[in-house]
Amino acid sequence: MSKKSREDPQLSWYDTWFLYYSFIVLLGSSYIQEFLDRLFRSRTNMKDTPKGYAPLFRDWEAFWTRHCYRRISDCWNRPVASVPGTRMDVKDRISRDNGKTFQDGEVISCLNLGSYNYLGFSDQTGPCLKAVQKGIKEFGVSTTSSRSELGTTHLHRQVEIQTAKFLNKEDCIIFGMGFATNASAIPALVSKGCLIISDSLNHASLVNGCRSSGAKVKVFEHNDTQQLEKLVRKSIVEGQPRTHRPWKKILILVEGIYSMEGEICKLREIVAIKKKYKCYLWVDEAHSIGAIGNTGRGVTEYWGIDTADVDILMGTFTKSFASVGGYITGSRELISHLRNTSFASMYSTSMSPGCCMQILTSMSILTGEDGTNIGKQKIKSLRDNSNFFRRALIDKGFQVFGDTDSPVIPIMLYYPAKLAAFSRECLKRNIACVVVGFPATPLLMGRSRFCISAGHTIEDLQWAVDKIDEIGDVLRIKYGNSISPKIENKKHKNIATEEVQK
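Okay, so let's go over this structure. (Residues numbered from 1 in each chain as written. Predicted model: local features only at pLDDT ≥ 70, side-chain atom pairs only at ≥ 80, totals over all residues. Heavy atoms only, no water.)

A look at the overall build of the chain
For step 1, the next point in the chain: If you tally the helices and strands in the chain, you get 16 helices and 13 strands.
For step 2, the next point in the chain: Taken against the 2.2 N^0.38 rule, which gives 23 Å for 502 residues, the C-alpha radius of gyration of the chain at 24 Å falls within 12% of a compact globule.
For step 3, the next point in the chain: A principal-axis box enclosing the C-alpha atoms of the chain has dimensions of 60 × 60 × 50 Å.
For step 4, the next point in the chain: A separation of at least 24 residues holds for 71% of the contacts in the chain among residues at least 6 apart in sequence.
For step 5, the next point in the chain: As displayed, the chain offers around 23,500 Å² of accessible surface, 53% of which is attributable to carbon and sulfur atoms. (Helix = DSSP H or I, 4+ residues; strand = E, 2+ residues; numbered from the N terminus. Rg over C-alpha atoms; globule rule 2.2 N^0.38 Å. Contact = heavy atoms within 4.5 Å. Areas by Shrake-Rupley, 256 points an atom, 1.4 Å probe, with all protein chains shown as cover.)

Focus: the side chain of Arg429
For step 1, the next point in the chain: Secondary-structure assignment places Arg429 in the loop between helix H14 (416-428) and strand E11 (431-432).
For step 2, the next point in the chain: A distance of 3.4 Å separates polar atoms of two side chains, one belonging to Arg429 and the other to Glu470.
For step 3, the next point in the chain: Discounting chain neighbours no more than four positions away, the residues touching Arg429 are Trp463, Lys467, Glu470 and Ile471. (Polar contact = N/O pair within 3.5 Å; in protein donor to acceptor, adjacent residues only side chain to side chain.)

Observations concerning the side chain of Ser205
For step 1, the next point in the chain: Within the fold, Ser205 resides in helix H6 (residues 204-213).
For step 2, the next point in the chain: Here Asn182 takes part through its side chain, which lies 3.0 Å from a polar atom of the side chain of Ser205.
For step 3, the next point in the chain: Apart from residues no more than four positions distant in its own chain, Ser205 is found in contact with Phe179, Asn182 and Ala183.

Some thoughts on the nonpolar core
For step 1, the next point in the chain: By size, the foremost hydrophobic cluster in this structure holds 60 residues, and its most contacted members are Leu267, Leu281 and Phe317.
For step 2, the next point in the chain: Of all the elements, helix H12 (residues 353-367) adds the most residues to this core, at eight residues.
For step 3, the next point in the chain: Not counting the four nearest positions on each side in its chain, Leu281 is found in contact with Leu251, Ile252, Val254, Leu267, Ile270, Val271, Lys274, Asp309, Val310, Asp311 and Ile312.
For step 4, the next point in the chain: Core analysis: the next-biggest nonpolar cluster, separate from the first, contains 44 residues, Phe23, Phe398, Leu413 and Ile468 among them. (Core = buried A, V, L, I, M, F, W, Y, C linked by side-chain atoms within 4.5 Å. Buried < 20%, exposed > 50% of the residue type's maximum accessible area, 1.4 Å probe, protein only.)

Here we look at the sheet that holds strand E13 (residues 446-451)
Paired through backbone hydrogen bonds, the strands of a sheet run either parallel or antiparallel to each other.
For step 1, the next point in the chain: Ordered by their spatial adjacency, three strands build an open sheet running E10-E13-E12, and the pairing between neighbours is antiparallel. On the outer flanks of this sheet lie strand E10 (408-414) and strand E12 (434-436), each paired with one strand and no other. Here the strands of the sheet are splayed against their neighbours by 30 degrees on average, with no regard to which way each runs.
For step 2, the next point in the chain: With six bridges connecting them, E10 and E13 associate as antiparallel partners. By the bridge assignment for E13, Ile411 is matched with Ser448.
For step 3, the next point in the chain: Along the sheet, helix H13 (residues 374-395) contacts E10 and E13; its crossing angle with E10, the most-contacted strand, is approximately 20 degrees. (Pairing = 2+ DSSP bridges. Axes fitted to C-alpha atoms, helices over the stretch in contact; angles between N-to-C directions.)

A closer look at a nonpolar patch on the surface
For step 1, the next point in the chain: Together, Trp13, Tyr14, Trp17, Phe18, Tyr21 and Val25 make up an exposed nonpolar region whose accessible area comes to about 740 Å².
For step 2, the next point in the chain: Following the sequence through the fold, Tyr14 ends up in helix H1 (residues 13-40).
For step 3, the next point in the chain: The partly exposed category is assigned to Tyr14, whose relative accessible area is 44%. (Patch = residues over 30% accessible without salt bridge, like charges linked within 9 Å, V, L, I, M, F, W, Y side chains within 5 Å. Salt bridge = Lys/Arg side-chain N within 4 Å of Asp/Glu carboxyl O.)

Structural notes on helix H4 (residues 154-166)
For step 1, the next point in the chain: Counted at 1.5 Å a residue, the expected span for H4 with its 13 residues is 18 Å, and the 18 Å between its end C-alpha atoms agrees.
For step 2, the next point in the chain: Among all positions of H4, only Leu155, His156, Val159, Glu160, Thr163, Ala164 and Phe166 are buried.
For step 3, the next point in the chain: Where H4 is buried, its residues contact helix H3 (127-139), strand E3 (171-175), strand E9 (326-330), helix H10 (332-341) and H12.
For step 4, the next point in the chain: Where H4 ends, the next residue or the one after it, Asn168, has phi of about 55 degrees, a positive value. (Expected span 1.5 Å × (residues − 1).)

A few points about the packing of aromatic side chains
For step 1, the next point in the chain: The full count for this structure, using the stated rule, is 14 aromatic pairs.
For step 2, the next point in the chain: Taking the centre distance of 5.0 Å and the plane angle of 80 degrees together, the rings of Trp17 and Phe18 count as edge-to-face.
For step 3, the next point in the chain: You can call Phe18 partly exposed: its relative accessible area is 34%.
For step 4, the next point in the chain: Judged by centre distance (5.6 Å) and plane angle (85 degrees), the ring pair of Tyr302 and Trp303 falls under edge-to-face.
For step 5, the next point in the chain: Looking at Tyr302, the relative accessible area reads 1%, which means it is buried.
For step 6, the next point in the chain: Its end group placed over the ring of Phe121, Lys378 keeps NZ or CZ at 4.8 Å from the ring centre. (Phe/Tyr/Trp six-rings, centres within 6.5 Å; stacked < 30°, edge-to-face > 60°. Lys NZ or Arg CZ within 6 Å of the ring centre and 35° of its normal.)

Considerations on a positive patch on the surface
For step 1, the next point in the chain: On the surface, Lys192, Arg242, Lys248 and Lys249 cluster together into a positively charged patch.
For step 2, the next point in the chain: Take Lys192: it is sitting in the loop between helix H5 (178-189) and strand E4 (195-199).
For step 3, the next point in the chain: Assessed through its relative accessible area of 69%, Lys192 is described here as exposed. (Lys, Arg positive; Asp, Glu negative; His and termini not counted. Charge placed at Lys NZ, Arg CZ, Asp CG, Glu CD.)

Concerning unusual backbone geometry
For step 1, the next point in the chain: Each neighbour pair has its own omega, and for Phe438 with Pro439 the value is 10 degrees, a cis peptide bond.
For step 2, the next point in the chain: Tracing the backbone shows Pro439 in the loop between E12 and E13.
For step 3, the next point in the chain: You will see that Arg476, though not glycine, has its phi angle at about 55 degrees, which is positive.
For step 4, the next point in the chain: Among the structural elements, Arg476 can be located in the loop between helix H15 (458-475) and helix H16 (495-501).
For step 5, the next point in the chain: For Arg476, a relative accessible area of 67% corresponds to the exposed category.

Below you can see the structure in the form of structure tokens.
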């Protein structure tokens, strides 16, 4: 990238000036409206904080929700009225009071470029559906209990065994929710006196886990391994604050593919740092497991790294396996410790047996244990589709983030008004997509994020590119591709693919 910080707009001076100007107008008009609302109290139910009390809500976030988000909230509140496969039905929402209430609009059949369905297992027919139905008939829709009590069936253990085998790890523990996997497991491993070194763009679940742990947290610039090494070395030399005692342990947190950037972590360099300074390494593979690597085994396979070099491999079953929940794989001692200390394992309801069957069936297809090569075809289709769509958008003049082979493809929109306009224009043209703004991204870095699936055809994607090209001309969002990677000169080599070809 041409700039180090990912929080700065990468635009010409002309576009940058108008971007700041648009926010000045938006926030200025919102503050005027806020003042008038408080003065006359005719259009709001706001109440002042009682005397002597601290504010219950954060002022800035509440202000942003009332005056900025609510105006365009229809873009994030359209019900999905079908199975979210390659195509899906989306119900439009109509508001006549600036987003306070909604009325149902028409149901629109759309090409799905927004859902996590990387390998195309979200189908209305096929072996996965039959297996799920069988699991529900045998075990019911829920165990209604936590894993530590009555919520473990042989299906749950089978998922753990198969996942550990898939990633060549000793053992595995699964959770009913992907977010809770990070949020509950990190506090079980680190605490006061420990140090967490986290990528600046890590997911909110990792951030929440860090905050809940009580450990000291330091942040390094996104994917900057040189700064990471300097930070690790400096932290070891200085030790804990005030006492300067050695840290009890140091844990490095990164993601395989960053969900808002579409970038693949520099795992080879990170593993070298981890080994050099004797740190522990946690890799979140929510978006990389099943999506990259010659056989879908994620970022370790993509870089040709032994999974034994990563102490904690975390991932989810939602993106590639069309199920729910998350997992952690590692040594038997690690997993045994998490079973007895993670509050999600102790108190949360275990995963539905039907979801376990979905995971087992899709994983057997991916590994070829079903006797077919459908899994290999899906992995190849996903890679080809992702690279085709990324290259096509770059050629059309859009500013595209992310790396080659990543199925997460963000294009930059920047302007707050263009977030809503892009989403609504896509819906008019029968495209379902996701637009992302503050607080999920930095204030000035609004974008649309496309998630590609193996179920898409090249014809589907070419049709979508043509429609998005029309929208780009209408909204004037073609900011150029100076920061976009070129497919011909890959930044990342797929080592596993090269070895197979040899």
